[in-house]
Amino acid sequence: MASKSQHNAPKVKSPNGKAGSQGQWGRAWEVDWFSLASIIFLLLFAPFIVYYFIMACDQYSCSLTAPALDIATGHASLADIWAKTPPVTAKAAQLYALWVSFQVLLYSWLPDFCHRFLPGYVGGVQEGAITPAGVVNKYEVNGLQAWLITHILWFVNAYLLSWFSPTIIFDNWIPLLWCANILGYAVSTFAMIKGYLFPTSAEGCKFTGNFFYNYMMGIEFNPRIGKWFDFKLFFNGRPGIVAWTLINLSFAAKQQELYGHVTNSMILVNVLQAIYVLDFFWNETWYLKTIDICHDHFGWYLGWGDCVWLPYLYTLQGLYLVYHPVQLSTPNALGILLLGLVGYYIFRMTNHQKDLFRRTDGRCLIWGKKPKAIECSYTSADGLKHHSKLLVSGFWGVARHFNYTGDLMGSLAYCLACGGGHLLPYFYIIYMTILLTHRCLRDEHRCANKYGRDWERYTAAVPYRLLPGIF
Ligand code: NDP
């Protein structure tokens, strides 16, 4: 099987035109017209989509239809809206530069000490998954430490020393958007040039021959500067995600300033999203084995997405609640809390079961029993045959991506906390449903290529993707 799979491996062109054989997973080799059209659409419109949402809150109290209607009916022109949009300011540029530099410093210069005193936390130098080129990268896992230090400094400076107001992020939200865009485009462009001129690992590069696809989905698999500065881990896991909870805190502080109190909906959004963010950092080592790190190349999709899309659109609920301070009835608040916590439990336990199963090579208990698995094999680009197992017990026997289902339940809870007044806070659940369904299909396509017949045996054993009996 090994030699057959290797023989069938697709050929890719390197920048010098030579065809080379790549591994059987990773991102696409060939770009169909639909992917190309979607990519060009996203490259052109994603920054405007983000701008539209943030501007709609700033100028139209978070109504998504009002700006479009105003333009359509001639009550406002694009120039009017643009004229009311705050420009980039020196203060925002300084804040943003300080923020990113501080996160770079924490990431690159402060080896993890949390794993020394937090029982059960896995940090410090850890190994990622085997790459398509057959390499195992090492990572300095210190995200929890960066999150803790940043948040302690935030509270000390904003509340004890009063060096800045806790509303500082909200107050500079649009000027900061321009800074985030500059960084997002700069890092994606740099990653593209680096992929051509000085890649960290030439074996990990993929060139489709299509400029837009290469720019969007990335060329290098694991671009690094020096031994430790890993672009994917830093941009995926630091400036945006560390900021996520600070942004929400700043929105809560703004509510307090404007209305004299913080609503229970704002507390719910802050708490549920903080659980999600803290879970990410507590499990950063596990995160090294997820699709973003194991399969995606680093391009605009990750670079710009992590700098702009994530901090601006994942925090829309908190922003909305500044303009619409929803106070939920106690039963509604409790119901939403329960939905969020059950979703989180499913998300975490599903991920945990796979991690435990893979780490112990199946020598563990899942739901009190020895787990059942399907033995499978695949071939890496260097021609070596590897063995693996697909879990069919626990949540992985319920559906093939039940972790996504839990994630979607949690996402719905954030949105429901904002009540039913507007569509804008529901963008998150709509987006996550599209993202995770697409991701599920992408992942299954890759797994089918990687494992062949073994994957078919798995899909026969676990026939549904997200919801048993439905999809
Ligand atoms: P998964 O953690 O589900 O990983 C998928 C991989 O797991 C597959 O490629 C395969 O990799 C392996 N696998 C698949 N089925 C099995 C099985 N039955 N037994 C063992 N291994 C299996 O996907 P993601 O990396 O996408 O997601 C991780 C988490 O992150 C999810 O909970 C998701 O909800 C969340 N997420 C959140 C996002 C957000 O923006 N909020 C975005 C993306 C993800 P292999 O090649 O090793 O076999």
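Numbering of residues starts from 1 in each chain and follows the order in which that chain's sequence is written. Local features in this predicted model are restricted to residues of pLDDT 70 or higher, and side-chain atom pairs are both shown and tallied only at a pLDDT of 80 or more, whereas totals for entire chains, interfaces and linings draw on every residue. In computing side-chain values, all of the structure's heavy atoms are included and hydrogens and water are not.

- Going by what an unreviewed UniProt entry lists, the protein is known as 7-dehydrocholesterol reductase and is assigned to Mus musculus.
- UniProt positions are given in the numbering used here, feature names are shortened, and annotations may be inferred rather than shown by experiment. A UniProt comment under Subcellular location (unreviewed entry) is attached to the protein, and it reads "Endoplasmic reticulum membrane".
- Per UniProt, the protein carries the Sequence similarities (unreviewed entry) text "Belongs to the ERG4/ERG24 family."

## Concerning the overall build of the protein
Okay, step 1: Each helix and strand counted, the protein has 22 helices and eight strands in total.
Okay, step 2: Taken over C-alpha atoms, the radius of gyration comes to 23 Å for the protein, in line with the 23 Å a tight globule of 471 residues would show.
Okay, step 3: Considering only C-alpha atoms, the protein reaches an extent of 65 × 55 × 50 Å along its principal axes.
Okay, step 4: Contact between two residues is taken to exist if any of their heavy atoms lie within 4.5 Å; hydrogens are not considered. Within the protein, contacts between residues separated by at least 24 positions form 75% of all contacts whose residues are at least 6 apart in sequence. In DSSP terms, a helix is any run of H or I states spanning at least four residues, a strand is any run of E spanning at least two, and both are numbered starting from the N terminus. Two things to know: the radius of gyration comes from C-alpha atoms, and the globule rule equals 2.2 Å times the number of residues to the power 0.38.

## Some details on the state of the cysteines
Okay, step 1: Defined by distance alone, a disulfide is two cysteine sulfur atoms within 2.5 Å. Scanning the entire structure with this criterion turns up one disulfide.
Okay, step 2: Each sulfur in the disulfide pair Cys57 and Cys62 lies 2.4 Å from the other. Disulfide Cys57 to Cys62: torsion about the S-S bond roughly 115 degrees, handedness right-handed. Considered together, Cys57 and Cys62 belong to a single accessibility category, that of buried residues. Only protein chains enter the accessibility calculation, which uses a 1.4 Å probe. A residue is then buried if its area is under 20% of the maximum for its type, exposed if over 50%, and partly exposed in between.

## Structural notes on the side chain of Asn137
Okay, step 1: Counting through the fold element by element, Asn137 comes out in strand β4 (residues 136-141).
Okay, step 2: Think of a polar contact as two N or O atoms within 3.5 Å of one another; within protein, one of them needs to be a possible hydrogen donor and the other a possible acceptor, and neighboring residues in sequence only count if both atoms come from side chains. There is a polar contact of 3.0 Å between the side chain of Asn137 and the side chain of Asn222.
Okay, step 3: Residue contacts for Asn137: discarding those within four places in its chain leaves Gln126, Glu127, Gly128, Thr131, Asn222 and Arg224.

## Describing the nonpolar core
Here is a general trend for soluble globular proteins: nonpolar side chains tend to be buried in one another's company.
Okay, step 1: In this description, a nonpolar core means a group of buried Ala, Val, Leu, Ile, Met, Phe, Trp, Tyr and Cys residues linked to one another through side-chain atoms lying within 4.5 Å. Judged by nonpolar contacts, the single largest core of 112 residues is most densely connected at Val50, Trp309 and Tyr314.
Okay, step 2: When residues in this core are grouped by element, the largest group, eleven residues, is from helix α9 (residues 173-197).
Okay, step 3: Start and end points for every domain follow an automatic or database-based domain assignment. Counting residues domain by domain, this core receives three or more from each of domain 1 (35-327) and domain 2 (328-470).
Okay, step 4: Setting aside residues no more than four positions away along its own chain, Trp309 makes contact with Ala46, Ile49, Val50, Trp304, Tyr314, Phe427 and Tyr431.

## Considerations on the packing of helix α5 (residues 90-109) against helix α7 (residues 143-160)
Okay, step 1: Here the axes come from fitting lines to C-alpha atoms, over the contacting stretch only for helices, and the angles between their N-to-C directions go from 0 to 180 degrees. One can describe the packing of α5 onto α7 by two numbers: an axis separation of 10 Å at closest approach and a directional angle of 135 degrees. As the angle between them shows, α5 and α7 are arranged oblique. Judged by the sense of rotation from one axis to the other, the crossing of α5 with α7 is right-handed. Here Trp99, Phe102, Gln103 and Leu106 of α5 come into contact with α7, specifically with Ala146, Ile149, Thr150 and Leu153.
Okay, step 2: Throughout this entry, Asp, Glu, Lys and Arg are counted as charged residues, while Ala, Val, Leu, Ile, Met, Phe, Trp, Tyr, Cys and Pro are counted as nonpolar. The remaining residues, Gly among them, count as polar. In terms of residue class, the contact of α5 with α7 is made up of six nonpolar, two polar and no charged. Comment on the angle field: the value is read as roughly parallel under 35 degrees, roughly antiparallel over 145, roughly perpendicular from 65 to 115, and oblique elsewhere. Each crossing gets its handedness from the near helix: less than a right angle anticlockwise from the far helix is left-handed, clockwise is right-handed.

## Side note on the environment of Arg358
Okay, step 1: The residue Arg358 is located in helix α18 (residues 330-359) in this model.
Okay, step 2: Residue classification places Arg358 among the partly exposed positions, given a relative accessible area of 41%.
Okay, step 3: Spatially, the C-alpha atom of Arg358 lies 8.8 Å from that of Leu390, the residues being 32 residues apart in sequence.
Okay, step 4: Filtering out sequence-adjacent residues up to four positions away, Arg358 remains in contact with Ser388, Lys389, Leu390 and Tyr451.

## Digging into the confidence of the model for the protein
Okay, step 1: Here the protein shows a mean pLDDT of 90. Residues at 70 or above account for 93%.
Okay, step 2: The model gives residues 1-25 a pLDDT under 50, and that stretch makes 60 contacts with residues more than four places away or in other chains. Per-residue confidence from the predictor is reported as pLDDT, which spans 0 to 100.

## Notes on the site of the ligand
Okay, step 1: Consider each residue's heavy atoms; a residue with any of them within 4 Å of a molecule or strand counts as near. Close to the ligand lie 26 residues; Tyr404, Arg439, Asp443, Lys450 and Tyr451 are nearest.
Okay, step 2: For the ligand, the protein covers 92% of the area, taking 920 Å² as the surface of the free molecule.
Okay, step 3: Put simply, the parts of the chain that give the shell around the ligand at least two residues each are α18, β8 (385-391), α20 (402-416) and α21 (427-451).
Okay, step 4: For the shell around the ligand, a count of residues per class yields 14 nonpolar, five polar and seven charged. To measure how exposed things are, a 1.4 Å probe is used in the Shrake-Rupley method; for residues, cover is taken only from the protein chains shown.

## Quick look at the packing of aromatic side chains
Okay, step 1: A pair of Phe, Tyr and Trp rings is counted when the ring centres sit within 6.5 Å of each other, with Trp represented by its six-membered ring. The angle between the planes then sorts it: under 30 degrees is stacked, over 60 is edge-to-face, the rest tilted. A full pass over the atoms with the stated rule returns 47 aromatic pairs.
Okay, step 2: Arranged with centres 6.2 Å apart and planes meeting at 5 degrees, the rings of Phe211 and Tyr215 form a pair that is stacked. With Phe211 and Tyr215 both in helix α10 (residues 211-217) and four residues apart, the pair spans about one turn of that helix.
Okay, step 3: Accessibility expressed as a relative area gives 11% for Tyr215, which makes it buried.
Okay, step 4: An angle of 5 degrees between the planes, with centres 4.5 Å apart, marks the rings of Trp300 and Trp304 as stacked. Here Trp300 and its partner Trp304 are both found in helix α16 (residues 300-313), four residues apart, which amounts to about one turn of the helix. The pair formed by Trp300 and Trp304 is uniform in burial state, with each residue classed as buried.
Okay, step 5: Its end group placed over the ring of Tyr139, Arg224 keeps NZ or CZ at 4.7 Å from the ring centre.
Okay, step 6: Counted as over-ring charges are cases with an Arg CZ or a Lys NZ within 6 Å of the ring centre that also lie within 35 degrees of the ring normal. Looking at Lys450, its charged tip hangs above the ring of Tyr378, at a distance of 4.2 Å from the centre.

## As for the UniProt feature "transmembrane region" (unreviewed entry) in the protein
Okay, step 1: Mapped onto the present numbering, the UniProt feature "transmembrane region" (unreviewed entry) falls at residues 33-54, 144-161, 173-193, 298-316, 328-347 and 411-436.
Okay, step 2: Annotated as residues 144-161, this span is 94% helix and 0% strand, and its ends, taken at the C-alpha atoms, are 24 Å apart.
Okay, step 3: As annotated, residues 298-316 comprises 79% helix and 0% strand, and the C-alpha atoms at either end are separated by 26 Å.

## Details of helix α22 (residues 453-461)
Okay, step 1: Of the positions making up α22, those classed as buried are Asp454, Trp455 and Tyr458. Across the axial projection of α22, the buried residues extend over an arc of 100 degrees, all falling on one side. Seen from the buried face of α22, the exposed residues on the opposite side, beyond 90 degrees, are Arg453, Glu456 and Ala460.
Okay, step 2: Those residues of α22 hidden inside the fold are in contact with β7 (373-379), β8, α19 (395-398) and α21. What the arc measures is the spread of directions leading from the helix axis to the C-beta atoms.

## Regarding the domain arrangement of the protein
Okay, step 1: Under the domain assignment used here, the protein contains domain 1 (35-327) and domain 2 (328-470).
Okay, step 2: Taking only C-alpha atoms into account, the centre of domain 1 sits 23 Å from that of domain 2.
Okay, step 3: At the junction of the two partners, domain 1 supplies 38 residues and domain 2 supplies 39 residues.
Okay, step 4: The closest approach of N and O atoms between Arg348 and Asp279, which form a salt bridge, is 2.5 Å.
Okay, step 5: Elements that contribute at least two residues to the side of domain 1 that touches domain 2 include exactly α2 (33-60), α13 (264-282), α15 (291-294), α16 and α17 (316-323).
Okay, step 6: Among the elements that take part in the side of domain 1 that touches domain 2, α13 stands out by supplying nine residues, more than any other.
Okay, step 7: Here the side of domain 1 that touches domain 2 is built from residues that sort into 24 nonpolar, eleven polar and three charged. What makes a salt bridge here is a side-chain nitrogen of Lys or Arg within 4 Å of a carboxyl oxygen of Asp or Glu, nothing more.

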